[in-house]
Amino acid sequence: MTLTGPTSQTFISQRLRLNYLDWGNRGKPPLVLVHGGRDHARSWDWVAEELRDDWHVVAMDHRGHGDSDWVSDGNYQVNDMVYDLAQLVHQLGVGPVTIVSHSMGGNVSLRYAGTFPEMVTKIVAIEGLGPSPKRQAEMREKSYPERMAEWIGQKRKASGRSPRKYESIEAAFARMIEENSYLTEEQARHLTIHGVNRNEDGTYSWKFDPHLNVWHIEDIADEFLHQTWAAITAPTLLLYGADSWASNPQGDGRLDHFSNAKVIEFENAGHWLHHDQFERFMATIRDFL
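Model, not experiment: these values are computed from the prediction.

**Some details on the pairing of strand 3 (residues 30–34)**
Alright, step 1. Of all five residues that make up strand 3, five are buried, and the element is covered over most of its length.
Alright, step 2. Burial along strand 3 is two-sided: Pro30, Val32 and Val34 and Leu31 and Leu33, pointing in opposite directions, are all buried.
Alright, step 3. Pairing analysis gives five bridges linking strand 3 to strand 4 (residues 56–60), with the strands arranged parallel. Bridging from a neighbouring strand, Pro30 pairs with His56 of strand 4.
Alright, step 4. Crossover handedness for the path strand 3 to helix 1 (residues 45–51) to strand 4: right-handed.
Alright, step 5. The pairing of strand 3 with strand 5 (residues 97–102) spans four bridges and is parallel. By the bridge assignment for strand 5, Val32 is matched with Ile99.

**Quick word on the nonpolar core**
Alright, step 1. Formed by 79 residues in total, the largest nonpolar core has its most connected members in Leu239 and Phe281.
Alright, step 2. Looking at which element gives the most residues to this core, the answer is helix 2 (residues 78–92), with eight residues.

**Details of the sheet that holds strand 6 (residues 120–126)**
Alright, step 1. Reading across the sheet, the eight strands line up as 1-2-4-3-5-6-9-10 and stay open at both edges, with mixed pairing between neighbours. Every interior strand has two partners, whereas the edge strands, strand 1 (7–13) and strand 10 (261–266), have only one. This sheet shows a mean twist of 20 degrees between the axes of neighbouring strands, independent of strand direction.
Alright, step 2. Most of the contacts of helix 2 go to strand 1, to which it runs at about 115 degrees, and overall it touches strand 1, strand 2 (16–22), strand 3, strand 4 and strand 5.

**A short note on the side chain of Lys155**
Alright, step 1. Within the fold, Lys155 resides in helix 5 (residues 144–159).
Alright, step 2. For Lys155, which is buried and forms no salt bridge, the nearest opposite charge comes from Asp73, at a distance of 6.8 Å.
Alright, step 3. Of note is the side chain of Lys155, whose polar atom sits 3.0 Å from the side chain of His211.
Alright, step 4. Apart from the residues within four sequence positions on either side, Lys155 is in contact with Gly74, Asn75, His211 and Val214.

**Some words on the UniProt feature "domain: AB hydrolase-1" (unreviewed entry) in the protein**
Alright, step 1. UniProt marks residues 29–153 with the feature "domain: AB hydrolase-1" (unreviewed entry), using the numbering shown here.
Alright, step 2. Span residues 29–153 is 41% helix and 18% strand, its end C-alpha atoms 46 Å apart.

**Some remarks on the packing of aromatic side chains**
Alright, step 1. Summed over all chains, the structure comprises four aromatic pairs.
Alright, step 2. Pairing Tyr112 with Phe116 gives two aromatic rings, centres 5.4 Å apart and planes at 45 degrees, and the pair type is tilted.
Alright, step 3. Over the aromatic face of Phe266 sits the side chain of Arg280, whose NZ or CZ is 4.1 Å from the ring centroid.

**A look at the pattern of salt bridges**
Alright, step 1. Inspection of the entire model under this criterion finds 15 salt bridges.
Alright, step 2. Salt bridges linked by common partners bring Arg140, Arg147, Glu218 and Asp222 together as one network.

**Comments concerning a nonpolar patch on the surface**
Alright, step 1. Taken together, the side chains of Tyr144, Met148 and Ile152 present a nonpolar region at the surface, about 270 Å² in accessible area.
Alright, step 2. Tracing the chain through its elements places Met148 in helix 5.
Alright, step 3. Judged by its relative accessible area of 32%, Met148 is partly exposed.

About the cut-offs
- Residues numbered from 1 in each chain as written.
- Predicted model: local features only at pLDDT ≥ 70, side-chain atom pairs only at ≥ 80, totals over all residues.
- Heavy atoms only, no water.
- Buried < 20%, exposed > 50% of the residue type's maximum accessible area, 1.4 Å probe, protein only.
- Helix = DSSP H or I, 4+ residues; strand = E, 2+ residues; numbered from the N terminus.
- Pairing = 2+ DSSP bridges.
- Right-handed = clockwise from strand over helix to strand, strands pointing away.
- Core = buried A, V, L, I, M, F, W, Y, C linked by side-chain atoms within 4.5 Å.
- Axes fitted to C-alpha atoms, helices over the stretch in contact; angles between N-to-C directions.
- Contact = heavy atoms within 4.5 Å.
- Lys, Arg positive; Asp, Glu negative; His and termini not counted.
- Salt bridge = Lys/Arg side-chain N within 4 Å of Asp/Glu carboxyl O.
- Polar contact = N/O pair within 3.5 Å; in protein donor to acceptor, adjacent residues only side chain to side chain.
- UniProt positions renumbered as here; feature names shortened; annotations may be inferred.
- Phe/Tyr/Trp six-rings, centres within 6.5 Å; stacked < 30°, edge-to-face > 60°.
- Lys NZ or Arg CZ within 6 Å of the ring centre and 35° of its normal.
- Patch = residues over 30% accessible without salt bridge, like charges linked within 9 Å, V, L, I, M, F, W, Y side chains within 5 Å.
- Areas by Shrake-Rupley, 256 points an atom, 1.4 Å probe, with all protein chains shown as cover.

Dropping the structure here:
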């Protein structure tokens, strides 16, 4: 990968200063890349480089991620992130936009597409539907008060937890490889370099807020989420890795809530299939877009 590099820009959303990368070509059709949880905008660099000649590519850092501000109370809500995405598109002054998204970013982007269907031309979501119906049923076997008590305990622990420190870039790099064995050494090193800050004592810590490890027990009622998916009018491509923990919506019933969606499953790929099977991923989205 040979990069001339994007420019780093900021915008304000709900009093937070959020970061995004702009790859230029403003006269071209706008393409917004939306990363997943505990990730960052630079994880899209390979995709952006491939598409930058034909698109005006923008990649955002979610609140609490990358070079964007952390929230002061440590509480991250998906709907606040939907607002952030809406604010980015609004401030860019472009649209409708095409969106390629991953995981948590897919959850955010699909909600945006259902809330503002006129603002989205096409949307790709890599494993972005959240917990499967089976997983939700398992979580809900415990009563709401029990789960709420557990959440308070987890948040209390998180409030006293400092970001993990690594003695060197190599130590952080090793952790990245451990997290996703599909990554090449080049990919893992790139993601690590752009995913850490150096602390005053010379150690390194991941940029994301540790509070992102604890999510709210219930985010939105199932019926409201299904209504939002059903409101999407843009052609929708849902991608899944055959070796991922995520449940394929074609088999668990969630695809039925979409009016214009197609599912493609990638063999020999996990949750980060856009890294695991990059060439196939690029061919797939080029054909779709």
